[in-house]
Amino acid sequence: MILQKGEKVHIIHRRNYEKDRHRHFIGAVDEYDAGVARVTGHVYTVDSGKFTFIKREETRTRLVSVISGDVLVNVIPPQVDLSKIVYKQERKAVRVTDGSDWHLDLSEYTWM
């Protein structure tokens, strides 16, 4: 299997148009079958006024086709604390971190 139950994931939804909002989803895999993952977690979107990512507080469960080409899926190490995830501007990139030694650097084109 590509994804295992309980794995933590960071999902980036591809933008189809320049003005589409940046949508990220961070959570844990509940189930995975035939290219579709059921993931429970939180939505992160860009506050266009501050150019920062904000976490939507309500927990959501999403069905995500990981083979559709519409999402990029990053597997997060098991020790990462999802409740502490923040996005920080680091030089020309955006860094996703939980404040520990772990981080995920995203492209500088994230803001465009």
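Data block above holds the structure.
Summarised in this report is the structure supplied together with it. What you are looking at is a predicted structure, and each value in this text was computed from that prediction instead of being measured. (Residues numbered from 1 in each chain as written. Predicted model: local features only at pLDDT ≥ 70, side-chain atom pairs only at ≥ 80, totals over all residues. Heavy atoms only, no water.)

**Observations concerning the packing of aromatic side chains**
Here is step 1 of the chain: Taken as a whole, this structure holds 2 aromatic pairs when the rule is applied.
Here is step 2 of the chain: Pairing Y44 with Y87 gives two aromatic rings, centres 5.4 Å apart and planes at 45°, and the pair type is tilted. You can see Y44 sitting in strand β3 (residues 36-47) and its partner Y87 sitting in strand β7 (residues 86-90), a full 43 residues away along the chain.
Here is step 3 of the chain: By relative accessible area, which is 13% here, Y87 ends up buried. (Phe/Tyr/Trp six-rings, centres within 6.5 Å; stacked < 30°, edge-to-face > 60°. Helix = DSSP H or I, 4+ residues; strand = E, 2+ residues; numbered from the N terminus. Buried < 20%, exposed > 50% of the residue type's maximum accessible area, 1.4 Å probe, protein only.)

**Description of the nonpolar core**
Here is step 1 of the chain: Judged by nonpolar contacts, the single largest core of 14 residues is most densely connected at I26, I85, Y87, V96, W102 and L106.
Here is step 2 of the chain: Here I26 is in contact with V9, H10, G41, H42, Y44, I76, L82, I85, Y87 and V96, once residues within four sequence places are set aside.
Here is step 3 of the chain: Counting 11 residues, the second-largest nonpolar core is a separate cluster that includes L3, V29, Y32 and V43. (Core = buried A, V, L, I, M, F, W, Y, C linked by side-chain atoms within 4.5 Å. Contact = heavy atoms within 4.5 Å.)

**Quick word on the pairing of strand β9 (residues 103-106)**
Here is step 1 of the chain: With burial as the criterion, only one face of β9 is covered, namely that bearing L104 and L106; the residues H103 and D105 on the opposite face remain uncovered.
Here is step 2 of the chain: In this antiparallel pair of consecutive strands, strand β8 (residues 93-97) and β9, the connection spans 5 residues, and G99 shows a positive phi of 90°. (Pairing = 2+ DSSP bridges.)

**Let's talk about unusual backbone geometry**
Here is step 1 of the chain: For A34, which is not a glycine, the phi torsion comes out positive at approximately 50°.
Here is step 2 of the chain: Mapped onto the fold, A34 is located in the loop between β2 (23-33) and β3.

**Thoughts on the environment of V94**
Here is step 1 of the chain: Structurally, the position occupied by V94 is in strand β8.
Here is step 2 of the chain: Judged by its relative accessible area of 1%, V94 is buried.
Here is step 3 of the chain: Expressed as a C-alpha distance, the spacing of V94 and L106, which sit 12 residues apart in the sequence, is 5.2 Å.

**Let's talk about the pairing of strand β1 (residues 8-13)**
Here is step 1 of the chain: Burial of β1 is extensive: 6 of the 6 residues sit out of reach of the surface.
Here is step 2 of the chain: Two elements, β1 and β2, share 6 bridges in a ladder whose sense is antiparallel. Across the sheet, H13 pairs through a bridge with R23, a residue of β2.
Here is step 3 of the chain: Across 6 bridges, β1 lies against strand β6 (residues 71-76) in antiparallel orientation. Across the sheet, the residue bridging to I11 is V73, located in β6.

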